[in-house]
Structures are given as structure tokens and as C-alpha cells.
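# Topology and contacts: notes
Spelled out, the chains give:
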Amino acid sequence: MGRSGRGGMSTATLLGVSFLCVLVIGNSESASDDVSALLAFKRAIYEDPLSKLSDWNSKDKDPCAWSGVGCSPFNNRVVTLELSNSSLQGFLAPQIGSLRSLQTLMLDHNTFVGSIPKDIGMLKNLIELNLSSNQLAGPIPSEIGDMAKITKIDLHANRLDGTIPPELGKLGSLLELRLSNNSLTGIIPASNDSDMGSVNSNDQIGLCQLSPLTNIDLSYNFLVGDIPSCLQQIQRSSLVGNCFQNNTSNRPLQQCDTNQDRGEDNGADENAQKGLPEPLWLFILEVIAALSLLCLLTLCTMTGLRRCRTRSSGSGTSVPWTRAVSWKENTVISIDDDLLVNVPKISRQELAEACEDFSNIIGSSQETVVYKGTLKDGREIAVVSLTVPVHYWNDYVELYFQKEVIEMSRLSHENVAKMVGYCKESDPFSRMLVFQYPPNGTLYEHLHDGDGWQLSWPRRMKLALAISRVLRYLHTELQPPFAVAALTSSSVYLTEDFSPKIIDFERWRYLATKPGFASLNGESVNSITDSRHKRFMDVQANTYAFGVILLELISGRASVSKDTGGLVDWARKHLEQPEEFSKLVDPRLQSVNQESLGIVCNVVNLCIDPEPSRRPSMSMIAAILEEGIEASAATMLRNSSLAWAEAELAIS
């Protein structure tokens, strides 16, 4: 009897152990799937300036300690991915759909581009989705209607187009839907049979099926038709800026007509096709399929011959631009040249004539060459040419290039050098950016390569104010904010009247040197090995860089020199004691207003705070300088006749 009991106990124990082993193995495999999905997500990020993903280690099989990742305490499955406001730039990898236990996905206020992958519909347990304030384009995937547990969807402030998928009506738990500030078209999907008033609501899909949905914002799109009766009670502000019928809060009629015409053109062929008899329609489809196959075979043959010629000659000048497959995840990236439709395109031939056949070089590095030229209309230009071989330039780089052209073209401020246009040609392979060229050299050259006599104290204060104002514009008045990739005294160009003009040349050089873009073996593209680049990739780093420029203005010293090393390290000991502020002053200056010197030194202390989160915004810094410098300048002018002459020189 005892033996039998012991045998029974042994069997139960073995069964229990076996069950635990199966459970552990199952959890291990699940955790392994999560790790693979997260690493694919990381590979699709090509900029991580804040190093948010630096601890995502491929050798670490437990992602629960990774930044932004939260796991369930019961099975170690990933349940949250929260990386809001992380300055991430990249694509949404389709593998994100493999995070089957994910409940919260928060990626808002970054710079994700490309489309929302259809695989996102595989997140059956997702409760909250926030992809707002990015640069996502394309349609909202209908697969999003498969996320049965979702309660909140926030996709506002992107570049999404197409119609609102009626499959959203299947989300019975949805409480909040925010789709504002996109380019969505079509009608609001009320139900499958909204006009007929179908009795069987089970056959209907659309927003009117969602009784829990009380918070909805569809404003500032291009939606048309009538507002469904089920949405009549929501706030008017949630529907403004569209193209509805008989709505006083619509967009201007011209915008609606333009968008509607574009949609009608796209749908004309489809409507005509529907009216054809079925046999003729099938015949036309067969002809189109045959022609498509013939074109595909011809294209493949031409591409193969071109590659053979490229290999035999050792160089190549052509590259397919429409679609390509990424190196690791088989993700298809679409390149749409219409993104640059509002940016002037300049031919290589025109630029060659302007820049004396590209012989007038004013700057160069391993990755870029900068030419100076004059257009036919008399405008002086600086041409930044990216010296990148064609085999290096994949579609990830091309889309990044287009995004940066758009970013630069939207800058409109008197102290930002205006982008004149861009050049994009395949034969010979060319990618160039064209800016207006300020003719008076850089601030660095005037401070450190010359004797500095032209930069009196009033003129230096004028420069400090102007640079602070343009940074305030870039950081706080633009949406989304714009950070200068490398803000230094060398990126501040001067006009003939010594007004500053910022040109962000380093942004393009950084594109060409980004680790992983040139890699063909699937290495991660988000690692940033150069700490100098890392310092200048967000607005807080711009604030720090502005503090360094202020130090250069008051001391006349370069940011780094053989004699003193780093300027900030040298200056800190004097900045700690107000009575030692005068030891920072450039000895070449004839007279310095002590009141404005104290104000600038205090601002420098704020800008170079080692903790980025403690650095004030440029809006606050500009306000401090405006109030302090202008007040001290007024006092100086009243008390000194010499100051009048210097101020006149600074303004002239």
C-alpha cells in the first residue's frame, strides 16, 4: 500500500514537473519571439539621438529590462512598448505584429515615416494605440479592425490618406478615436447600409455601430458627404476643417475642389471599368496582365544587363528608385517623388554652369563637397553635393534624403539660409542641395581666423540676440520642432551687414556617414558612434551648442583649441564666480558693457547645464537676452559717446 502511494506520488510529481517544463519552454519560446520582434523594430530605426534603444542587446534573451519595454509578471511576455517623445526616426517594422501579448503601444511624438504595417492587426490584445505626431503616410490599414480589445486609437497629426476603414465599426470596446490633422478623404463610414437603414445591425459595420465611442476627433482632413446622424451630438470642433456638405466650418472651397478632383481622376478608370460587360472586362484584364508580365521581364533583363555592365566597368550610375526590399526584414519601402513636388528641382547642368563646372569648391569632407556658384538670375548659392556611390544608396537612404529636403524647405526665417532647391539625377548619380549663400564668411572665421576687429561688443550682442531668436523659431514656433544637426560657429554664416544665416550642412554629412546605411550585412542602423554628432541631434543639445557659441562671442576663443582644450571646461571655473566674468572677455575688445556681460554669462550657465532636462527652452533664453541686452545697451548708449559709434558700426 505504501509502495503504491509512493508510486502514485512519483507519477504525480513527474506529471507536475513535465507540465512545468512545457510551460517554461512555451514561455521561453514566446519570450524569444518577443525579442526577435523588438530587435526587428530596432533595426528599422535609423536615428536614435537620445540612445533610447542603446540597452536593447541582441545577446540579452530577456527584454523586460530594456528601455521602454514592460513585461507581464506572470509569463514575462512584453505587454507595453512606450517610447513617446524619444526623437526616434525610422519605419514601423511589420514584425511588431509578433508581440502577441502587447497591450499598450505608445510611439507618439517621434518621426516615424512610411506606412502603418498591416501586421498591426495581429495585436489582438492591444488596448491602447498611440502613433500620433509622426510622419506616417498612406492609408489606415483595414486590419486595424481586428484588434477586438482596443479602447483608444490615436493617429492624429500624421500624413495619412485614403478613407476611414469601415472595419473600425467592429471594435466594440473603442472609447476614443483621434484621426485629426491628416489627409483622409471619402465619407465617414456610418454603417454598411446607412442610407437604407438596415434593420439587421449585425450586417453593418461603421462608426455608428460603436455606442461606447464618445470621444472622436476627425477635424482637419478632407472628408466629404453628410455627417452621420450618430455623430451629430459630438463637438463641432471635432469635425471642422473638412469638406462636408452644408457645414459652415469647412475648409476653403478651393482646397476641397483640388482634393476632390485628384480623387475623381484616380477613380475614373475604376468607374469606367465597372460599367463594362464581364467578358470584355476579363479580356482587358488578361491583356493588362500580359503586358505587365512583358514589361516586368523586359525590366528584369535590362536591370541584369545594367548590373553586368556595372560589375565589368567597376562603377555604376543608375539605380531603381521605385521600390526596394530592405536588407533584413523584407520590408518594402515605397519612394514617392511627389513628396518633393513643392520644392524646386534644379538640373545638374544648371548647377554645373553656376559653379564653373563644379570647380569652385569652398569646402569638402569625405562625405560631402560644397561648391559656390551664381545662378543666371544673379543669386549666389552654396551647393552641397553628397559624394555617395550608387551601390551605397538604398531606398532607406533615399526616403531619408527626401524627408530631410522637405524638412529644410519648410524653414522660413530671416536668419536661416533659404533652400533654393535640390538636384536628383541618376546619370551621373547626383544628390545635391542648393542654398542661398551669405557672402561674408562664417562666424568662426571672423572670431578665430581673423583679427576680430569687425566684431565689436555691440555687434556680438546683436549676433547673440539674432541666433537666439532663430533657435526660438526652430524649437518652439515650428511644428514639429526642428533641431540643427550641428550648431556651431562654423554653421553660422554672415551677410554683408553681419546678420547671421544658419546653414545645416552637417545634416547631410550625417546622412552620408550614418553607421549601417552603407552596411550590406544587416547590421543595426541606429548606433551612433561619434559623440560629437550625438550632442547635436535634439533641441536640448542645440541649447548647449548655443551656450558654446555665446562663450566664443564673449571670449574670442574656439570651442576646442590646443592651448586650452575644451572651451566649456576652461570657462566653468570663471562662470562659477560673477566677479571673474571679466576674465572670460576677449582681450581684443575695446569696451564691454558689464551688465550685458553678466546677463550673457548667466545664460551660458543655463545652456551648458550637464543635465539636459534642466536646460531652459530657447523661448525663455531669447526672452532673457532680449530684455537684458537691450536694456543694458540703452544704458550704455546714454553713458558713452564711444558706444554710440560702436553701435552704429554694429548696425551698419
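Before reading on, note that the structure itself is shown above.
Anyway, here's the lowdown on the structure attached to this text.

What counts, and where the lines are drawn
- Residues numbered from 1 in each chain as written.
- Predicted model: local features only at pLDDT ≥ 70, side-chain atom pairs only at ≥ 80, totals over all residues.
- Heavy atoms only, no water.
- Helix = DSSP H or I, 4+ residues; strand = E, 2+ residues; numbered from the N terminus.
- Buried < 20%, exposed > 50% of the residue type's maximum accessible area, 1.4 Å probe, protein only.
- Contact = heavy atoms within 4.5 Å.
- Areas by Shrake-Rupley, 256 points an atom, 1.4 Å probe, with all protein chains shown as cover.
- Expected span 1.5 Å × (residues − 1).
- Polar contact = N/O pair within 3.5 Å; in protein donor to acceptor, adjacent residues only side chain to side chain.
- Salt bridge = Lys/Arg side-chain N within 4 Å of Asp/Glu carboxyl O.
- Pairing = 2+ DSSP bridges.
- Axes fitted to C-alpha atoms, helices over the stretch in contact; angles between N-to-C directions.
- Core = buried A, V, L, I, M, F, W, Y, C linked by side-chain atoms within 4.5 Å.
- Patch = residues over 30% accessible without salt bridge, like charges linked within 9 Å, V, L, I, M, F, W, Y side chains within 5 Å.

## What to know about the overall build of the protein chain
In terms of helices and strands, the protein chain carries 14 helices and 23 strands. Looking at the 652 residues of the protein chain, the share that counts as buried comes to 48%. Restricting the contact set of the protein chain to residue pairs at least 6 apart, pairs at least 24 apart contribute 60%. Total accessible area computed for the protein chain in this model is approximately 32200 Å², and 52% of it derives from carbon and sulfur atoms.

## Concerning helix 12 (residues 594-607)
Look at helix 12: 20 Å from first C-alpha to last across 14 residues, which is about the 20 Å you get at 1.5 Å a residue. Taken residue by residue, helix 12 has S596, L597, G598, I599, V600, C601, V603, V604 and C607 as its buried positions. Near the N-terminus of helix 12, the side chain that reaches the backbone nitrogen of E595, with its oxygen 3.1 Å away, is that of N593.

## With respect to the pattern of salt bridges
Inspection of every chain in the model, using the stated rule, returns 16 salt bridges. The partner of E626 in a salt bridge is R469, with the nearest N and O atoms 2.8 Å apart. Of this pair, E626 sits in helix 13 (residues 618-639) while R469 is found in helix 7 (residues 457-477), placing the two residues 157 residues apart along the sequence. By relative accessible area, E626 is classed as buried at 18%. Of the charged contacts in the structure, one is a salt bridge between E626 and R472, with a shortest N-O distance of 2.9 Å. Note that E626 is positioned in helix 13 and R472 in helix 7, a separation of 154 residues in sequence.

## What to know about the pairing of strand 3 (residues 78-82)
When strand 2 (residues 69-71) meets strand 3, the two strands line up antiparallel, connected through 3 bridges. Bridged to C71 within strand 3 is V78. Joining the antiparallel neighbours strand 2 and strand 3 is a turn of 6 residues, in which N76 adopts a positive phi near 60°. As defined by bridge partners, strand 3 adjoins strand 5 (residues 104-106) across 3 bridges and the pair is classed as parallel. Within the sheet, the bridge partner assigned to L81 lies in strand 5 and is L105.

## Here's the deal with the pairing of strand 15 (residues 361-364)
Moving residue by residue along a regular strand, the side chains alternate between the two faces of the sheet. In the sheet, strand 15 pairs with strand 16 (residues 368-374) via 3 bridges, with the strands oriented antiparallel. The partner of S364 across the bridge, within strand 16, is V369. Taking the residues between adjacent antiparallel strands as the criterion, strand 15 and strand 16 are bridged by 3 residues.

## Here we look at the sheet that holds strand 1 (residues 45-47)
Neighbouring strands of a sheet are bound in pairs by backbone hydrogen bonds; such pairs are parallel or else antiparallel. One open sheet accounts for 3 strands, arranged 1-4-6; its pairing is mixed. Of all the strands in the sheet, just strand 1 and strand 6 (111-113) have a single pairing partner and so form its edges. Going from strand to strand, the sheet's axes swing by 25° on average, the running direction of each strand aside. Direction of pairing for strand 1 relative to strand 4 (residues 89-91): antiparallel, over a ladder of 2 bridges. Looking at the pairing, E47 lines up with Q89 of strand 4. Of the strands in this sheet, strand 1, strand 4 and strand 6 are in contact with helix 5 (residues 395-409), which crosses strand 4 at around 130°.

## Describing the nonpolar core
L443, L471, L474, F546, I554 and L625 are the most contacted members of the largest nonpolar core, which totals 79 residues. Residues contacting L474, with those up to four places away along its chain left out, are L411, V416, P481, F482 and V484. With 54 residues, the next largest nonpolar core counts V35, L83, I120 and I227 among its residues.

## Re the environment of M408
The topology assignment puts M408 in helix 5. A sequence separation of 11 residues divides M408 from M419, and the C-alpha atoms of the two residues are 6.8 Å apart.

## With respect to a nonpolar patch on the surface
On the surface, a nonpolar cluster with roughly 260 Å² of combined accessible area is contributed by V287, L291 and L294. Among the structural elements, V287 can be located in helix 3 (residues 278-313).

## With respect to the environment of Y444
Along the polypeptide, Y444 turns up in helix 6 (residues 443-449). Non-local contacts of Y444, meaning those with residues more than four positions away in its chain, are made with D449, S489, S490, E552 and A558.

## Let's talk about the sheet that holds strand 5
Spatial strand order, 2-3-5-7-9-11-12: 7 strands in an open sheet with mixed pairing. The outermost strands of the open sheet, each flanked by one partner alone, are strand 2 and strand 12 (215-217). Within the sheet, the average angular offset between the axes of one strand and its neighbour, ignoring direction, is 10°. Bridge analysis of strand 11 (residues 176-178) against strand 12 gives 3 bridges, and the strand direction is parallel. Note that in strand 12 the partner of E176 across the bridge is N215.

## Description of unusual backbone geometry
Between D427 and P428 the backbone carries a cis peptide bond, its omega angle lying at -5°. Tracing the backbone shows P428 in the loop between strand 18 (419-426) and strand 19 (429-436). Phi at N76 is positive, roughly 60°, even though this residue is not glycine. Examined against the element boundaries, N76 turns out to sit in the loop between strand 2 and strand 3. With relative accessibility at 42%, the residue N76 sits in the partly exposed group. We note that N181 has phi near 55°; this positive angle belongs to a residue other than glycine. When you line up the elements, N181 lands in the loop between strand 11 and strand 12. The exposure class of N181 is partly exposed, given its relative accessible area of 40%.

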